[in-house]
Amino acid sequence: MARVTTPNRIRGTQDIFGEDQRRFAHVLETFDRVRRLYGFQRVEIPIFEDTQVFARSIGETTDVVSKEMYTFADKGGDSITLRPEFTAGICRAYLTEGWQQYAPLKLVASGPVFRYERPQKGRYRQFHQIDAEVIGAAEPQADVELLALADQLLHELGIAEGVTLQLNTLGDAETRDAWRTALVAHFEQHRGELSEDSLTRLEKNPLRILDSKDPRDRPIADAAPGIDDFLTSEAGAFFESVTSGLDAAGVKWTRNARLVRGLDYYRHTAFEFVTDRLGAQGTVLAGGRYDGLIESLGGPATPGVGWAAGVERLAMLIGEPTTQAVDAVVIPLGPAAEARAQGIVAELRRAGIAADMAFRGNMKRRLSKANEQGAEFALILGDDELATNRIVVRNLKEGQQATTSIDNIGKVPLSLLWQIPTGGQADAAAHPIGRLLAEKPE
Ligand code: ATP
Ligand code: MG
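Residues numbered from 1 in each chain as written. Chains lettered and ligands numbered in written order. Predicted model: local features only at pLDDT ≥ 70, side-chain atom pairs only at ≥ 80, totals over all residues. Heavy atoms only, no water.

A short note on the environment of I209
- As for its position among the elements, I209 is in the loop between α7 (196–204) and α8 (218–222).
- On the accessibility criterion, I209 (0% relative accessible area) is buried.
- Separated by 12 residues in the primary sequence, I209 and D197 have C-alpha atoms spaced 8.6 Å apart.
- Excluding residues that lie within four positions of it along the chain, I209 makes contacts with F187, L194, S198, R201, L202 and A221. (Helix = DSSP H or I, 4+ residues; strand = E, 2+ residues; numbered from the N terminus. Buried < 20%, exposed > 50% of the residue type's maximum accessible area, 1.4 Å probe, protein only. Contact = heavy atoms within 4.5 Å.)

Some remarks on the domain arrangement of the protein
- Here the domain parsing of the protein yields domain 1 (18–172 + 232–317) and domain 2 (328–437).
- Taking only C-alpha atoms, the centre of domain 1 and the centre of domain 2 are 50 Å apart. (Domains from an automatic or database assignment.)

Notes on helix α9 (residues 233–249)
- End to end, α9 covers 24 Å across 17 residues, agreeing with the expected 24 Å (1.5 Å per residue, within 8%).
- Turning to α9, the residues buried within the fold contact α5 (140–156), β7 (163–169), α6 (173–189), β8 (254–255), β9 (267–275) and β10 (283–289).
- Where α9 terminates, the next one or two residues include G250, which has phi positive at roughly 75 degrees. (Expected span 1.5 Å × (residues − 1).)

A few points about the sheet that holds strand β3 (residues 71–73)
- Taking strand neighbours across the sheet as the criterion, the three strands line up as β2-β4-β3 in an open arrangement whose pairing is antiparallel. Pairing within the sheet leaves two strands with one partner each, and these edge strands are β2 (48–50) and β3. Adjacent strand axes in the sheet meet at a mean angle of 35 degrees when their direction is disregarded.
- Of the pairings in the sheet, the one linking β2 to strand β4 (residues 79–82) comprises three bridges and is antiparallel in character. Counted as the bridge partner of F48 is L82 from β4.
- Sitting on the sheet, helix α2 (residues 51–58) is in contact with β2, β3 and β4, with an inclination near 75 degrees to β2. (Pairing = 2+ DSSP bridges. Axes fitted to C-alpha atoms, helices over the stretch in contact; angles between N-to-C directions.)

Take a look at the structure:
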């Protein structure tokens with residue numbers, strides 16, 4: 001027979017297992033807990049959308065749209081794109097599903113996103129994001145609340161120490177136009193020294209040159225005019241409200257006047273939470289205010305502000321989460337006990353006790369398996385116990401054991417069960433806990 005080769009995992013995708021999965025799950029659980037504290041409701045949106053949803057809102061000139069999207073024609077010939085982020089899809093839903101009536105809306109989403117990039121540590125083609133948005137609120141308080149949510153999340157994940165919130169303003173439309181004109185004039189003077197990529201950006205998206213990573217561009221970008229000279233008084237006041245709100249909320253931040261966002265529609269607040277611990281992949285969470293995005297999708301002028309974070313990058317930074325232990329392992333000895341043990345594990349699980357059954361190897365092997373699983377109790381059932389409807393409860397941490405009626409399983413806490421004095425019913429009845437057990441709860 002011809003040798004069958006196993007198909008490979010697709011480049012840039014991940015199978016997440018063991019400790020990696022526990023880290024991943026811990027990030028998502030913490031996010032879900034913290035977003036509730038801030039009154040953000042969760043939404044589920046499609047993994048694929050009409051290509052126009054992303055092309056129009058993210059902007060044709062961004063890296064994401066110009067080279068990173070997974071776009072294909074489906075069997076009906078429609079152009080479909082796997083979501084490279086959440087904001088565009090959420091804004092599409094806001095318009096097509098009539099969510100406008102609930103504005104202002106505080107929403108979160110999470111799940112896989114797709115970008116055709118060169119895979120490396122912390123950079124994948126299918127990765128996962130957590131995302132938070134406030135849609136329909138033009139007030140700087142929305143920006144503050146969203147940033148406080150991000151800050152608390154990082155604190156609760158235990159990684160706030162190594163991470164800095166870098167904050168900037170991109171001003172309002174008037175500010176941005178004036179700044180853009182000055183930037184273009186500056187970059188035009190240095191045309192000859194710019195990288196090819198930045199020459200293209202100069203035509204299409206000159207702000208983007210400011211965060212170029214190419215060493216040829218850096219000195220020119222660093223010498224470029226800053227936005228502060230162009231801020232209108234309204235834009236200045238908005239930024240002042242955001243920063244004083246952050247100070248009041250106890251959120252630490254630093255100004256980075258060079259920080260820009262790729263999207264064409266970003267206005268006012270722009271921010272990144274950056275770590276020095278992940279090398280080139282140092283941005284763990286990023287976002288800003290995107291007044292204008294919803295109009296680009298054919299909706300009415302609607303303010304919005306949001307952020308997204310890479311789950312994998314957060315998962316790499318956190319401490320190792322504890323493994324989830326089972327509370328009890330049932331050890332049956334012999335076929336009759338095995339059948340009865342199925343009923344006992346089921347009873348334990350229905351009572352909310354995490355339980356497993358050890359049915360392989362000798363007694364010693366089974367006990368050590370129970371220990372490896374972190375179980376506090378082993379419940380041992382042999383032919384002798386079966387005959388008297390009793391079971392041995394062994395406290396694995398203390399190394400002591402007691403015998404009790406099988407009927408007590410799932411009705412009396414295991415922590416009490418093992419303390420029953422050994423011996424017959426009479427002894428048990430004399431002991432305070434034994435009396436409790438002897439009452440045979442319903
Ligand atoms: P980068 O500069 O690293 O490419 P970006 O500006 O493209 O980031 P955003 O579009 O702002 O990133 O996405 C938000 C977050 O998603 C990032 O801060 C990062 O944590 C994460 N992220 C982005 N691209 C990837 C990827 N290819 N693999 C894993 N995580 C990613
Ligand atoms: Mg990118």
